[in-house]
Amino acid sequence: MTGSLSRDVILTILVSAILIWIMPLMIATYTLTVLVIYGMLGLSLGLIWGFGGILCFGQAAFFGLGAYTYAIAAINIGESTVPMILAVLVPAVFAALLGAMMFYGRLTDVYLGVITLVVTLILFKFMNSTAGPQYVIGKARMGGFNGIPGFQTLNVPGDPSAFIWGDAYFYVCAVALAIVFVLVSALLRSSFGRVAVGIRENETRIALMGYDVRARKTALFAVGAAIAGLAGALFANWGEIVTPNLFSLSQSAEIIIWCIVGGLGTRLGPILGAAGLAYLKFLLGQQSMIDNTLIMGLILVLFVLFLPRGIVPALASLWRISFGRRPLGRIHQVRRTRNRERLNG
Amino acid sequence: MDLSFVILVEMLYAVASLILIGAGLAVVFGMMKVINLAHGEFMMMGGYATITAVNLGVNVFVAMLVIAPLIVGLIGLVVERLVIRHLYGRLVDTMLATWGLSLFFIGMTTMIFGNTTTGISTPIPGFAVGGYQINGYNFFIIVVSVLLLIGILAVLKTTRAGLVARGAMQRADMAASLGYSPDRIYMATFFCGSALSGLAGAVLAPLVGLVPTSGGAYIAKAFITVIAGGPSLVAGLLSSAGFFGIVSQVFTFAISPVIGEVALLVAAVILLRLLPQGITGRFLKGRL
């Protein structure tokens, strides 16, 4: 097993190195950075939904929480290393608590969807109402609808005056995504990841085999939230402002669309779906003929109806049909030889 | 004395509006186990239909109670035939597809009406109770929602169509073997559910400034009310709307409207954690 993991790592490094080298030649790095961040956000839901079977309608909650944690901590601390770590930890702990509440209560699909959606809404409403001067954490004012601007952006660890921005920031984000991707691959190859997939396929069977399904689901949920939190912190650095819109329903909807379009149950699908659709949205935003939301909605409906498995699995099976080995032909071959043997014998 | 009367009316109004918001979704969910996340947009379109009709010179009550439900019902019919029909029995897929539809309708409305706030004035004047001013329209909403509940109950209990619908709700295969096409029944149910959403949106339209994204404000509340209500249609709607309406109004009067909204959501999370099958999954079992 370790052999194929190291092959995975080498392949990831090679492909991401080539992409990091080529992509800035085609798209401006400023746009590219946000595509990479969205890719990471898509991967976070792709992990818990595609491999764990947990449909979270509120992945935006952890994204926003990561961004807000970073902004508030950065204002109070005045450098970026500790805030980055906090931005991963706070959403993970929050998700662990929320997940424990849901999974130990044996809530499934629709109810899970409602609760995650409602929690996102609570955060959205609460953050929108924190406009007054009494809502202060340390030195940071929450700012209500206007959000929090003007916090310390990413700097070289240990040197608060050496900011990382522009092209350099793109490379940081891209490398971060590659590292997260490798970590997710390793997680899925570990026994924890295999049991998670088993839970997705048949929860009762895994429980009867003696695994604690509730604890494992909670842990996976927290891992997903940690990745979303990291994406949120990177997004805060990119936008240099955090607003309650990070928690909005449309943000949650978009993450789900990315995963559906890219392909569930794959690691690459959600990343490609996120980056591709975000870029499409960026291009569509430059024209005013057709409304952006309309096209996004249409894409989601069409994919659910006609390609519910998403682009990446569909392309993979197309590849297998066109170029791969043909198991069907081989079976015929075997049967034919067997028949011949039987005739001869 | 005056204040307690005002608070009583406000609570009744909160409960009534939750019933109105949830009714269309409850019919569709209770009958077909389809969660229509475009419900909020159906309400929004009901509102736009009303405003357009009123601007064309139609009487406001005709526009609200007849035109808007019909138009939204027809839109629902088209949606059911084109999309939802293919997804019966796939709960998560219907949720995703209807979410896509909701985005589609938001985009569509933005293209037609523009991203501006429109509205009509309330057709019933307010009046004073002691030192307080009460919106007379609140009473209209309370009356409409009471009539709506009685109407749903009467149709389900006393008419043949209601009997067939209840039968298909329990055992679609049995209804089919008795010669009723579940496909037709589902189509009709979805039409009724959409029409109810349109009615709710139309009746609430004079109270809010309408924008293409106003559906989002309704969907979470409708979703919560219906899921927390549980399997029985009328009893579930009544009990959960009553519970949430009172909780949100108590916190609104005690602290502030925003806290009231948040309290409603928190109450929903706690309630679902304690009663994952909804209120009527535990109590009042087997009622309508």
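Residues numbered from 1 in each chain as written. Chains lettered and ligands numbered in written order. Predicted model: local features only at pLDDT ≥ 70, side-chain atom pairs only at ≥ 80, totals over all residues. Heavy atoms only, no water.

The name given to chain B in an unreviewed UniProt entry is Amino acid/amide ABC transporter membrane protein 1, HAAT family, with Ruegeria marina as the source organism. The Sequence similarities (unreviewed entry) field of the UniProt record for chain B holds the comment "Belongs to the binding-protein-dependent transport system permease family. LivHM subfamily." (UniProt positions renumbered as here; feature names shortened; annotations may be inferred.)

Per an unreviewed UniProt entry, chain A is named Amino acid/amide ABC transporter membrane protein 2, HAAT family, and its organism is Ruegeria marina. According to UniProt, the comment filed for chain A under the heading Subcellular location (unreviewed entry) is "Cell membrane".

**Student:** I'd love a proper account of the overall build of chain B, names of residues and values included.
**Tutor:** When you go through chain B residue by residue, the secondary structure sums to 12 helices and 2 strands. Secondary structure elements of chain B occur, N-terminal to C-terminal, as α-α-α-α-β-β-α-α-α-α-α-α-α-α. For 288 residues, the compact-globule estimate of 2.2 N^0.38 gives 19 Å, and chain B sits close to it at 19 Å. If you line up chain B on its principal axes, its C-alpha atoms span 65 × 45 × 35 Å. Relative to its 288 residues, chain B shows a buried fraction of 54%. Here the contacts in chain B between residues at least 6 apart in sequence split such that 78% fall between residues at least 24 apart. Of the accessible surface of chain B, which amounts to about 12000 Å², a share of 70% is contributed by carbon and sulfur atoms. (Helix = DSSP H or I, 4+ residues; strand = E, 2+ residues; numbered from the N terminus. Rg over C-alpha atoms; globule rule 2.2 N^0.38 Å. Buried < 20%, exposed > 50% of the residue type's maximum accessible area, 1.4 Å probe, protein only. Contact = heavy atoms within 4.5 Å. Areas by Shrake-Rupley, 256 points an atom, 1.4 Å probe, with all protein chains shown as cover.)

**Student:** Explain the UniProt feature "transmembrane region" (unreviewed entry) in chain A residue by residue, including any values.
**Tutor:** Under the feature "transmembrane region" (unreviewed entry), the UniProt entry names residues 9-30, 36-55, 84-103, 110-127, 168-188, 218-235, 255-282 and 294-319 of chain A. Annotated as residues 168-188 of chain A, this span is 100% helix and 0% strand, and its ends, taken at the C-alpha atoms, are 30 Å apart.

**Student:** Lay out the packing of helix H10 (residues 249-262) of chain A against helix H11 (residues 268-284) of chain A in plain terms, naming residues and giving numbers.
**Tutor:** All names here are of chain A. The contact between H10 and H11 brings their axes to 7 Å, and the two run at 115 degrees. Crossing handedness for the pair H10 and H11: right-handed. Within the contact between the two elements, H10 uses Glu 254, Ile 257, Trp 258, Cys 259, Val 261 and Gly 262 and H11 uses Gly 269, Pro 270, Gly 273, Ala 274, Leu 277 and Lys 281. (Axes fitted to C-alpha atoms, helices over the stretch in contact; angles between N-to-C directions. Left-handed = near helix turned anticlockwise from the far one by under 90°.)

**Student:** Before we move on, can you summarise the pairing of strand E5 (residues 159-163) of chain A with the specific residues and values?
**Tutor:** All names here are of chain A. Taken together, the 2 bridges between strand E4 (residues 155-156) and E5 define a ladder with antiparallel strand orientation. Residue pairing across strands places Asn 155 opposite Phe 163, the latter belonging to E5. From the end of E4 to the start of E5, which pair antiparallel, there are 2 residues, and Gly 158 there has a positive phi angle of about 95 degrees. (Pairing = 2+ DSSP bridges.)

**Student:** Pulling in residues and values, what's your account of the UniProt feature "transmembrane region" (unreviewed entry) in chain B?
**Tutor:** Residues and elements named next belong to chain B. UniProt annotation of "transmembrane region" (unreviewed entry) refers to residues 12-36, 56-79, 91-114, 134-156, 185-211, 217-238 and 250-275 when read in the numbering used here. As a span, residues 217-238 carries 86% helix and 0% strand, and end to end its C-alpha atoms are 20 Å apart. Within residues 250-275, the helical portion is 88% and the strand portion 0%, while the C-alpha atoms at the span's ends are 22 Å from each other.

**Student:** Can you lay out the side chain of B:Thr109 for me, pointing to particular residues and giving the numbers?
**Tutor:** Inspection of the secondary structure assignment puts B:Thr109 in helix H4 (residues 91-113). Apart from residues no more than four positions distant in its own chain, B:Thr109 is found in contact with B:Met44, B:Tyr48, B:Gly114 and B:Pro212.

**Student:** Could you give me a rundown of the domain arrangement of chain A, with the residues and numbers involved?
**Tutor:** Residue and element names in this part refer to chain A. Under the domain assignment used here, chain A contains domain 1 (2-309) and domain 2 (312-345). Contacts between the two partners involve 8 residues from domain 1, matched on the other side by 4 residues from domain 2. Carbon and sulfur atoms make up 70% of the area that domain 1 and domain 2 hide from each other, which totals about 420 Å². When the area that domain 1 buries against domain 2 is broken down by residue, the three leading residues are Gly 262, Thr 266 and Arg 309, summing to 66%. (Domains from an automatic or database assignment. Buried area = accessible area lost by both parts, 1.4 Å probe.)

**Student:** Give me the lowdown on the packing of aromatic side chains, citing residues and values where you can.
**Tutor:** Considering all chains together, one arrives at 22 aromatic pairs over all chains under this definition. Each ring, one from A:Phe62 and one from A:Phe94, has its centre 6.2 Å from the other, and the planes form 65 degrees; the classification is edge-to-face. Pair noted here: A:Phe62 is in helix H3 (residues 59-77) and A:Phe94 is in helix H4 (residues 81-103), with a separation of 32 residues, a long-range link. You can call A:Phe62 buried: its relative accessible area is 1%. Arranged with centres 6.2 Å apart and planes meeting at 90 degrees, the rings of A:Phe126 and A:Tyr135 form a pair that is edge-to-face. By way of ring pairs, the aromatic residues A:Tyr30, A:Tyr38, A:Phe63, A:Phe235, A:Trp238 and A:Trp258 are connected into one cluster. Lying across the ring of B:Phe29, B:Lys33 places its NZ or CZ 5.2 Å from the centre. (Phe/Tyr/Trp six-rings, centres within 6.5 Å; stacked < 30°, edge-to-face > 60°. Lys NZ or Arg CZ within 6 Å of the ring centre and 35° of its normal.)

**Student:** Tell me about the interface of chain A and chain B, and name the residues and values.
**Tutor:** Of the residues lining the interface, 37 residues belong to chain A; the matching set on chain B comes to 39 residues. A buried area of about 3300 Å², summed over both sides, lies between chain A and chain B, and 86% of it is on carbon and sulfur atoms. When the buried area of chain A at its contact with chain B is split by residue, A:Val110, A:Tyr111 and A:Leu294 rank highest and sum to 16% of it. Our enumeration of links across chain A and chain B arrives at 1 salt bridge. Counting every contact that joins chain A to chain B gives 2 residue pairs in polar contact (both at pLDDT 80 or more). Every element with two or more residues in the side of chain A that touches chain B is listed here: helix H5 (109-128), H10 and helix H12 (292-306) of chain A. With 11 residues, the top contributor of residues to the side of chain A that touches chain B is H5(A). Among the residues forming the side of chain A that touches chain B, the class breakdown is 29 nonpolar, 5 polar and 3 charged. (Salt bridge = Lys/Arg side-chain N within 4 Å of Asp/Glu carboxyl O. Polar contact = N/O pair within 3.5 Å; in protein donor to acceptor, adjacent residues only side chain to side chain. Nonpolar A, V, L, I, M, F, W, Y, C, P; charged D, E, K, R; others polar.)

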